[in-house]
Amino acid sequence: MPEPYEPLEAPPDTPSDRPVDLAATGTATLEGGPRGRPWRRLTLPRLRLSLAARRAAAGGAAPGGGPAPGSRGLWSDAWHDLRRNPVFVVSALVILFLVTIAVWPQLIADGNPYQGNLAKAQDGPAPGHPFGFDLQGRDVYTRTVYGARASITVGICATAGAALLGSVLGGLAGFFGGWWDSLLSRIADVFFGIPILLGGLVFLSVVTSGSVWPVVGFIVLLGWPQISRIARGSVVTVKQQDYVLAARTLGAGNGRMLLRHIAPNAVAPVIVVATIALGTYIALEATLSFLGVGLKPPTVSWGIDISSASTQIRNAPHMLLWPAAALSITVLAFIMLGDAVRDALDPKLR
């Protein structure tokens, strides 16, 4: 019995010998039909990917690795929107100023944050000392400026550690699934069940060092599960996209798919959550230092200064006002930056 064929009419403006894009027609063609017309075979023994599918497998990139001509990627669109967002501009300038004084506090404060004069204890503002003096006669302005270093260091290092650990574990769990995903989810549930303040009181109360690194380690220990869940959900969504399936069909390995196709398209939610979490971690460090289990003297910290000034709020409110205001502005700036980045990276909010 002959194989089932049926004639396929060629378009009037297309030569019969022109190759047909199988991805567009969904059929395989044979030449030599009656009157020179091609045949259409009813069975599909082989699937061929079109050039468009191959470009999709490369993440929409044009030959040479760049973006497709006439198109603009997610990051280009996000940067285009961020530059025109006043919330982003203001918050970015505030953060840039805070990071600058954290690295080089002597640019705007030439005093010594540890040197005090008991004769001026709790005195108000004076020439050369606009914020007044604390309980030990130390300049509140100088200590407020130097306090940014510890808070910014804890926030950046803790966020980087939690984001890196959570992204790697969550990304691998979302990509491979199976028992690895189940194990990670159960471990994350255990850490989610630990109240962060109670965990800080228990964990840091046995640490004798008053430096920033025990606080950073504690925040990373309890902060990675949140970012891990975000990374896992993002990877699960991205790996179902057509360009990832096309890359797998073309024979791309797991490493190439993770690094070239999945990670660049799944990292946006992680960046948004990490940016907002950075401000939260700074506030958490100040809270732990206020309770006496975070940073300890002689480290200069806003939380330590707020704790020492809380008992003298009626007699010398300036001791509490300025470090608390600096802490509030810093946390607000990072949260506003995170909101602006979220609006720019989330297509649903465009």
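Structure: see above.
Residues numbered from 1 in each chain as written. Predicted model: local features only at pLDDT ≥ 70, side-chain atom pairs only at ≥ 80, totals over all residues. Heavy atoms only, no water.

Trainee: Would you mind showing me how to read unusual backbone geometry here?
Mentor: Trans is the prevailing form of peptide bonds, just as negative phi is the prevailing case for residues other than glycine. Here the residue pair proline 297 and proline 298 is connected by a cis peptide bond, since its omega of 15° sits within 30 degrees of zero. With respect to the element layout, proline 298 can be found in the loop between helix H10 (254-290) and helix H11 (302-309). The phi torsion at glutamine 122 lies on the positive side, around 65°, for a residue other than glycine. With respect to the helices, strands and loops of the structure, glutamine 122 is situated in the loop between helix H4 (86-103) and helix H5 (140-176). (Helix = DSSP H or I, 4+ residues; strand = E, 2+ residues; numbered from the N terminus.)

Trainee: Help me understand the environment of phenylalanine 218, please; the structure alone is not making it clear to me.
Mentor: Topologically, phenylalanine 218 is positioned in helix H8 (residues 212-238). Residues phenylalanine 218 and isoleucine 196, 22 residues apart in the sequence, show an inter-C-alpha distance of 9.3 Å. Dropping the residues within four chain positions of it, phenylalanine 218 is found in contact with Ile196, Gly199, Gly200, Phe203, Leu204 and Leu288. (Contact = heavy atoms within 4.5 Å.)

Trainee: Sorry, what's going on with the environment of glycine 303 here?
Mentor: Along the chain, glycine 303 falls in helix H11. Once the C-alpha coordinates of glycine 303 and alanine 324 are considered, the two residues, 21 residues apart in sequence, prove to be 8.2 Å apart. In this view, glycine 303 contacts Ala286, Ser289 and Phe290; residues no more than four positions away in its chain are not counted.

Trainee: How should the packing of H11 against helix H12 (residues 318-345) be read in this particular structure?
Mentor: A pair of packed helices is characterised by two quantities: the angle between their axes and the separation of those axes. H12 packs onto H11 with a crossing angle of 145° between their chain directions and a minimal axis gap of 9 Å. Considering how the two elements wind past one another, H11 and H12 form a crossing that is left-handed. Each of Trp302, Asp305, Ile306, Ser308 and Ala309 in H11 lies in contact with H12, whose residues at this interface are Met319, Leu320, Pro323, Ala324, Ala326, Leu327 and Thr330. For the contact of H11 with H12, the class distribution of residues is 9 nonpolar, 2 polar and 1 charged. (Axes fitted to C-alpha atoms, helices over the stretch in contact; angles between N-to-C directions. Left-handed = near helix turned anticlockwise from the far one by under 90°. Nonpolar A, V, L, I, M, F, W, Y, C, P; charged D, E, K, R; others polar.)

Trainee: When you look at the pattern of salt bridges in this model, what are you seeing that I'm missing?
Mentor: A complete count under the given rule lists 7 salt bridges for this structure. Across the salt bridge formed by aspartate 181 and arginine 232, the nearest N and O atoms sit 2.7 Å from each other. In this pair, aspartate 181 is assigned in helix H6 (residues 178-192) and arginine 232 in helix H8, connecting sequence segments 51 residues apart. By relative accessible area, which is 12% here, aspartate 181 ends up buried. By relative accessible area, arginine 232 is classed as partly exposed at 31%. Bridged by salt links that share partners, the residues Arg186, Asp189 and Arg229 form one connected network. (Salt bridge = Lys/Arg side-chain N within 4 Å of Asp/Glu carboxyl O. Buried < 20%, exposed > 50% of the residue type's maximum accessible area, 1.4 Å probe, protein only.)

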